Structure formats: C-alpha cells, structure tokens
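Analysis of the macromolecular model
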Amino acid sequence: MQTPKKIAIVGSGLVGSLLAIYLRKAGHEVEVFDRRKDVRKVEFSGRSINLAMSNRGWKSLRAVGIEDEIKKLALPLDKRAMHVNDKPLYYQKYGKEEEAIFSISRGVLNRKMITLAEEAGAKFRFEEKVWDIDMAEAKLYSGESEKGKWKEYQFDLIFGADGAFSRVRHKMQRQSRFNYSQHFINVGYKELNIAPNEDGSHKMDNASFHIWPRGEFMLIAMPNLDGSFTCTLFMPFEGENSFESIKTEKDADLFFEKHFPDISHEIENLKRDFFKNPTSSMVTIKCFPWSYWEKVTLVGDSAHAIVPFYGQGMNAGFEDILVLNQKMKEHGDDWERIFEEYQKSRKPNTDAIAELSYRNFVEMSSKTADPDFLLRKKIENWFSNKHPNTWVPLYSRVTFSDKPYAEALAIGDYQRKIMDHIMEIPGIEKKWDSSEVENKILKLLNNKPAFSV
C-alpha cells in the first residue's frame, strides 16, 4: 500500500480519466483539471476518429475492473472491408477466428470514463485553465486568462494528461537537456457520417472496418451502436485531390461520385459534413525525459502523440497507465523510482508504435489495393495458420498481443525481409501455398536473430 497523496491530473480525456480511476483505487486524493467544458454537457466538434480498442486497451481496463462496463459501448470488428473501384467488395480477416478490434465512439467513451472516475471519487474541475506549474513544489496556477489573476493549488504530484499540445510538457521543455520533436504529416482528416437506415440498422456490414483506399487519400468508416458510421476522410491539405481543391458543393459532388460511387446515396450527408466539420492536422510528438524528479510526469499523448493509422493511440496511452500502476505496486512510496522505471520502460515502445503507425498509413492508403501486397498477406496468413507458433503477423503482434511494441517492430522488420525473398520466387503467384514456399520460409527463419528489447 502507498501513502495517500494529493494528486493533480491535467486533462480529462481518456488517459487522464483512466489514470484518475487507478489512482483513486490506490487510495489517493485526485483532482482533474480541464480547460474545456464537461464533455458530457456539450456536443462534440466533428473532429473525432472512432477508436479501435484492442488487446492492450482491454487489459488496462480489466485490471481496474471496468472492462465489462466499457464493452457495452463497443462493436467487435473481425475484418477489413475493402472498397476498391471497379472491383467487388472483398474482406480481409484481422487475425484468428476469435480476434477482433472494437469500434467505440470517442465521445461516448470519454463521457463514460469521466463518470466512472467521478464514481471512484475523483474530483473534476472543468473550465479551469492551467497556465503555469511550479514543478519543484508541485503547484498549479489556474485562471481566466494568461495575464489575469491566478489561483494557486498545492499538490504532492502532478500528471500531465493534456494531449499533444500539453501545457505541462511545455513547462518541462524549459529544462536543460529536455529533448523534444514534432512532425506534422501533409495529410489532414475530416469527420463525416453515414446515417442509419430508417429502422436504425446499419447500411453496411457492422462487423467490418471499412476502407476506401485511393492512393494519396482514403476514407474509412467504423460502425456505432446507433446504426450510424463515423467516417474519416484522410487527404493532403494541398494538391490535385486535397482539402484545398474542394471549394464548392459541385466540387464535393464530383469528388464523392468519382471516388466513392458505392456510397453515392450518402453524398448529401457527406457533402454537408465536409463543409460543416473542421479539417484537422496530425502530428507525431516525441520527448524525453517524461518526468521531473518525484513530482511531475507525462502520460498518453502528452508524452508520445502518434498518427492514428494503427489504431493504437488510445491503447498505448492506456498501457502507460497499466505500466505505471505496476511500478507503483513494485516500489510503494518511492515515486522517483516509479517515474524513472515507467519512462524507461515506455519510451522505446512508444517510439516503436509511432514508427509503425506512420508506416501503416502508407499500407492502408495505397498498398491494400495492390495485388503484390495482397499476395504477401495471403502467404503470411497461410503460413501463420500452418505454423501459428512460428509466425505471428505484425498486425497481430501489435493488436492482439501485449508484447512490447519495440519487439513487434523488430520482428516485423525481420519478417518483411523474409517475405521480400519469397516474393522473388519465380511463379510465386501460382505456387504461393506450395511445400517449396513453406520450406523456404522455414529455412530463412532458422537464421532468425534473438530479439531482446
């Protein structure tokens, strides 16, 4: 058991709310600050990408006793549905028969997590803007404006869970030897919506993650419990097919009719959302160290924001909290050691998922419609089914496992080199499931290096 502490969390998003639940269960006094209004009392702003809860997220929720409550809000998706122009709709299974990711609305989940944190005893201070932090003394200063009068709060510990543009991290960046980088990709996103049928049912298969890969841009759609789909259009900011190029309703009509003809009946809704909802940017943020003595530490996007193309942003943030909790159990009241081991454990893994997430954008937008890529995936799945303990596909290592992300990246790179050799076999298209291919993969795997991360 730890000595109860007075703890502040800056940020009431998903990771901050989960952290509040964990800390309350450990017996600490918890106050959560957020500059925004209570999300349970406002409409969301049209900036959401539906979340894909997978193994790591569920494990983190299970450990604090709220998995079953959250599963009521989610829909299982066991496959991708590929919408390629001039080809019939086809499906790609994610993994083994029982493996699925879960579609869940960010807004619905955030509201529920805040309520669960309040029920656990956490106190929330909405519309309370934190302007400064005294890290050595663990003091927060809030007020109406940056130049106005501030109120001082004294705590024992402060956690920064305030997202990619964290005020807490901004303060930490002023330290000597604090490393920080941010990288925006030249692709933005816009939330769109497909309404349910009149009877409330879904207009497309509701056990699939729908993808319309179009090279430099793509559309995805994930089902909601109310029969709707939250869609996200990923597209360059400038260029031929870009957000900049669609200026009028006629432009939008032509764009959606040309590139997404199978949902042309939804064009009016898509067009309305296109002009109503904001265009948002995507950034990868890396920094280190994440902690300041035994006083302050960063969690979630504050420490490691990533682009959303592996569906792991929330899962990685939730895993932060699980690892932090494990360190709390191991080291009791030694918070400096807790923070030190937590950041050293998580940093290599969050760097790895950042790299994998960026790579997956290339895969989802262009390669998923490429015949060579599809053949590679078919060979991998065939070999994995024959040798499940020898070859676990990269996606399964990331999504349906809790092994380190860094290990998944290293093994995935090795498997990619093996598949490069296999794809060079003459006539591979006709003998992809032959004993020759199987034996070749087994022989290459015999030279597999040891992976220690």
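An account of the accompanying structure is given in this report. All residue numbers refer to position in the chain's written sequence, counted from 1. With pLDDT at 70 or above as the cut-off, local features in this predicted model cover only qualifying residues; side-chain atom pairs require 80 or more to be listed or tallied, and sums for whole chains, interfaces and linings still use all residues. Processing note: side-chain calculations cover all non-hydrogen atoms of the structure and skip hydrogens and water entirely.

Structural notes on the nonpolar core
Residues belong to one nonpolar core when they are buried, are Ala, Val, Leu, Ile, Met, Phe, Trp, Tyr or Cys, and are joined through side-chain atoms within 4.5 Å. Burial classification: accessible surface area is computed with a 1.4 Å probe over protein chains only, and a residue below 20% of its type maximum counts as buried, one above 50% as exposed, and the rest as partly exposed. By size, the foremost hydrophobic cluster in this structure holds 68 residues, and its most contacted members are Ile70, Leu140 and Phe159. Contacts are residue-level and defined by heavy atoms, with any inter-residue pair within 4.5 Å sufficient. The contacts of Leu140, once residues within four sequence positions are left out, are Ala8, Val10, Phe33, Val130, Asp132, Ile133, Lys151, Glu152, Tyr153, Phe155 and Ile158. Ranked by size, the runner-up nonpolar core spans 33 residues in total, among them Ala52, Ile101, Ile211 and Phe309.

A few points about the sheet that holds strand β9 (residues 130-134)
Whether two strands pair depends on DSSP finding at least two bridges between them. Only DSSP runs of H or I reaching four residues or more are called helices, and only runs of E reaching two or more are called strands; each is numbered from the N terminus. The sheet built from three strands is open, its strands ordered β9-β10-β11 with antiparallel pairing. Of all strands in the sheet, those with a lone pairing partner are β9 and β11 (150-154), marking the two edges. Between one strand and the next, the sheet's axes are offset by a mean angle of 25°, whatever the strand orientation. Here β9 pairs with strand β10 (residues 139-143) via four bridges, running antiparallel. Paired with Asp134 across the strands is Lys139, a residue of β10. Inter-axis angles, ranging from 0 to 180 degrees, are taken between N-to-C directions of lines fitted to C-alpha atoms, where helices are fitted over the stretch in contact.

Quick look at the packing of aromatic side chains
The relation between two aromatic rings is expressed through the spacing of the ring centres and the mutual angle of the planes. Any two of the Phe, Tyr and Trp rings considered here, Trp counted by its six-membered ring, make a pair once their centres fall within 6.5 Å; the pair's planes then place it as stacked at under 30 degrees, edge-to-face at over 60, or tilted in between. Inspection of every chain in the model, using the stated rule, returns 27 aromatic pairs. Summarising the aromatic geometry, the rings of Tyr141 and Trp150 are spaced 6.3 Å apart at their centres and angled 40° between planes, so their arrangement reads as tilted. For Tyr141, a relative accessible area of 18% puts it in the buried group. Consider the rings of Phe165 and Phe184, whose centres lie 6.4 Å apart with planes at 15°: the pair is stacked. With Phe165 in the loop between β12 (157-160) and α5 (167-172) and Phe184 in strand β13 (residues 179-184), this pair connects stretches of sequence that are 19 residues apart. Each member of the aromatic cluster is reached from another via a ring pair, and the members are Trp212, Phe217, Phe243, Phe255, Phe256, Phe260, Phe274 and Phe275. To sit over a ring, a charge needs its Lys NZ or Arg CZ within 6 Å of the ring centre and within 35 degrees of the ring normal. Looking at Arg80, its charged tip hangs above the ring of Tyr395, at a distance of 5.9 Å from the centre. The ring of Phe274 is capped by Lys190, whose NZ or CZ atom sits 5.0 Å from the centre of that ring.

Function cannot be read off these values alone, since they describe shape.
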